[in-house]
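This is what each chain is made of:
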Amino acid sequence: MIRLLLICFVSCIVLGSSEQTEKKSGVIEEEPLSHLEEEPLSHLEEEPLSHLEEEPLSHLEDDHDHDHDHDHDHEHDHEHEHEALLEPDEARSFNQLAPEESIAQLAILVDRIDVDKDDFISEDELKTWIQNVQRNYTDGQVEDRWRDFDTDGDGLISWDEYKNVTYGSYINDPLTKEDVNVPQMLQEERRFRAADTDADMKLDKQELNAFLHPENFHHMRDVVVQETIDDFDKNGDGFIDLNEFMDVLFPPGNNDNDPELMEKQRRDFLEIQDTNKDEKLDKQELMQLIFPANYSAADSEAKQLLMESDTNKDGKLTKAEILDKHEMFVESQVTNYGEAVVPHDEL
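Residues numbered from 1 in each chain as written. Predicted model: local features only at pLDDT ≥ 70, side-chain atom pairs only at ≥ 80, totals over all residues. Heavy atoms only, no water.

Asks: In this structure, what is going on with helix α5 (residues 182–195)? I would like to understand it.
Replies: Two residues of an α-helix separated by three or four positions point the same way, owing to the 3.6 residues in each turn. Compared with an ideal rise of 1.5 Å per residue, which puts 14 residues at 20 Å, α5 spans 20 Å between its outermost C-alpha atoms and is within 8% of the ideal. Counting buried residues in α5 gives 13 out of 14 residues, a clear majority hidden from the surface. Its side-chain oxygen at 3.1 Å from the backbone nitrogen of Gln 184, Asn 181 defines the N-terminal cap of α5. (Helix = DSSP H or I, 4+ residues; strand = E, 2+ residues; numbered from the N terminus. Expected span 1.5 Å × (residues − 1). Buried < 20%, exposed > 50% of the residue type's maximum accessible area, 1.4 Å probe, protein only. Polar contact = N/O pair within 3.5 Å; in protein donor to acceptor, adjacent residues only side chain to side chain.)

Here's what the structure looks like:
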């Protein structure tokens, strides 16, 4: 299952992703997927998408979300110099802090974001910090998952290692074998093969990063699009029609559905996203929707934070302006959405 908030954010604003490593297009399909693949993936997923925030792959997060989470409406860009984040004794969720302590911790971050020490935070400094937070998160996940899955300690993670750690206890137990989510396992095998750029069915750390966070890698875009279709396409025709799209974004019977927002989304689907006007989204239209050209999530968030916080409209932020909007910053990628940032020597 792929990240729902990729689509949610794209639908309401514009979502995209850049950054690639090895340039290998498409999905490797020289070998068949696991022998359990007897039905098409497009109609076998039964889990609803409503829980999929930025989710990492299922089974890879404690809450069993897929992506990686951290979708919170944004994707990842990587560049610039490394910058230290929170110190170990600061590695607590901002959400667990009293308001005054939260403001104090944010003030510390502001000093670190101010690279040129001119007592102002520019848009570029804000964007660079967000990019570093994003990279720190994905790199931290790679290290955490590495310890889980490299069971033989050979410095690589094979598909068998991943499958055995993730599904082995279910597959090997006759009492739980029927509980294995076969479509999900096949979807992950397909993703594994796409991330495996040298086609040896083993992942190094760069390849594992692509597996965990495919939206960040150019050669994984076909997989992201296909998984999105798998998640939304309930009638199995290989497309996402308006009803399928709306039912996932606005689950029927949900009292929190906003009628005005729903109507706007219908119009956007029919007038903007459905470029060939056949009332459904194909792979090309989804590719344009999920990965619009010249879009940077870090740049977009930096611009939005600046616009919302720059009270004197001078194009830069003072510490006072940021702390005045501390709740908005604490809920942004600047503080990793208020969650504890795993400390590293460098990002």
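Asks: Sorry if this is basic, but what is going on with the packing of helix α8 (residues 242–249) against helix α9 (residues 259–273) here?
Replies: Relative placement of two packed helices is described by the angle separating their axes and the distance separating the axes. Packing of α8 against α9 leaves a shortest axis separation of 11 Å and a crossing angle of 140°. The element α8 and its partner α9 pack so that their crossing is right-handed. Contacts between α8 and α9 pair Leu 242, Phe 245, Met 246 and Leu 249 from the former with Met 262, Gln 265, Arg 266, Phe 269, Leu 270 and Gln 273 from the latter. (Axes fitted to C-alpha atoms, helices over the stretch in contact; angles between N-to-C directions. Left-handed = near helix turned anticlockwise from the far one by under 90°. Contact = heavy atoms within 4.5 Å.)

Asks: What am I meant to see in the nonpolar core here?
Replies: In terms of nonpolar packing, the biggest core is built from 21 residues, with Tyr 162, Phe 192, Leu 208, Phe 211 and Met 220 touching the most fellow members. Where this core is concerned, the elements lending two or more residues are α3 (123–149), α4 (159–171), α5 and α6 (205–212). By size, the runner-up hydrophobic cluster in this structure holds 19 residues, among which are Leu 126, Ile 130, Ile 322 and Val 334. (Core = buried A, V, L, I, M, F, W, Y, C linked by side-chain atoms within 4.5 Å.)

Asks: Would you take a moment to explain the pattern of salt bridges for this structure?
Replies: Close approach of charged atoms lets side chains of opposite charge pair. Within the structure shown, the criterion is met by 10 salt bridges. Asp 111 is the partner of Lys 319 in a salt bridge, and the nearest nitrogen-oxygen pair spans 2.9 Å. Note that Lys 319 is positioned in helix α12 (residues 319–324) and Asp 111 in helix α2 (residues 99–113), a separation of 208 residues in sequence. Here Lys 319 falls in the partly exposed class, since its relative accessible area comes to 31%. Judged by its relative accessible area of 39%, Asp 111 falls in the partly exposed class. (Salt bridge = Lys/Arg side-chain N within 4 Å of Asp/Glu carboxyl O.)

That's the geometry; what it means functionally is another story.
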